[in-house]
Amino acid sequence: ALASVVRACGPRLESLGLGGNALGAAGVEALAPAFRACARLQRLDVARNMIGFGLGQAGAEAIASAIRACSTLACLQLGSNALGDAAVGVLAPAM
């Protein structure tokens, strides 16, 4: 449901705060494709969402792909997500 709202608002969305919502890896993976519709997104907060718990290679790659698609993204908050070395290794080049 949230992914469809993000897709619908995407062309106008400049800032999205989803911090502290316990999205988990599965939730962020489900949202990642919707971020591609956010042509004006400048700030994305997904901190404190337990993303690192269960985030596999596919999830990290989905998020990295979404980050690359948001060329206007200037601020990405990922703090307090227990991201492991493998996930950081995939995400860092996308930023």
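Here, every reference points to the structure presented above.
These numbers come from a predicted model, not from an experiment. (Residues numbered from 1 in each chain as written. Predicted model: local features only at pLDDT ≥ 70, side-chain atom pairs only at ≥ 80, totals over all residues. Heavy atoms only, no water.)

**Some details on the nonpolar core**
Soluble globular proteins tend to bury their nonpolar side chains together.
At step 1: If you look at the biggest cluster of nonpolar residues, it comprises 29 residues, and the most contacted ones within it are V6, L16, F35 and L41.
At step 2: For this core, the secondary structure elements donating two or more residues are α1 (2-9), α2 (24-35), α3 (57-69) and α4 (85-91).
At step 3: For this core, the element with the most residues is α2, which contributes 6 residues.
At step 4: When sequence neighbours within four positions are dropped, the list of residues in contact with F35 reads V6, L16, L44, A66 and C70. (Core = buried A, V, L, I, M, F, W, Y, C linked by side-chain atoms within 4.5 Å. Buried < 20%, exposed > 50% of the residue type's maximum accessible area, 1.4 Å probe, protein only. Helix = DSSP H or I, 4+ residues; strand = E, 2+ residues; numbered from the N terminus. Contact = heavy atoms within 4.5 Å.)

**Some thoughts on the sheet that holds strand β1 (residues 15-17)**
At step 1: Strand order in this open sheet of 3 strands is β1-β2-β3, and the pairing throughout is parallel. A single partner strand is all that each edge strand has here, and the edge strands are β1 and β3 (75-77). Direction aside, neighbouring strands of the sheet carry axes that sit 5 degrees apart on average.
At step 2: Bridging between strand β2 (residues 43-45) and β3 involves 3 bridges; their strand directions are parallel. Residue pairing across strands places D45 opposite Q77, the latter belonging to β3. (Pairing = 2+ DSSP bridges. Axes fitted to C-alpha atoms, helices over the stretch in contact; angles between N-to-C directions.)

**With respect to the packing of α1 against α2**
At step 1: Where α1 contacts α2, the axes come no closer than 8 Å and their chain directions differ by 15 degrees. On the basis of their axis angle, the class for α1 and α2 is roughly parallel. α2 is crossed by α1, and the crossing has right-handed handedness. Of the residues in α2, those in contact with L2, A3, V6 and R7 of α1 are A30, L31, A34 and F35.
At step 2: When the residues that make up the contact of α1 with α2 are grouped by side-chain class, the tally is 7 nonpolar, no polar and 1 charged. (Parallel < 35°, antiparallel > 145°, perpendicular 65-115°, else oblique. Left-handed = near helix turned anticlockwise from the far one by under 90°. Nonpolar A, V, L, I, M, F, W, Y, C, P; charged D, E, K, R; others polar.)

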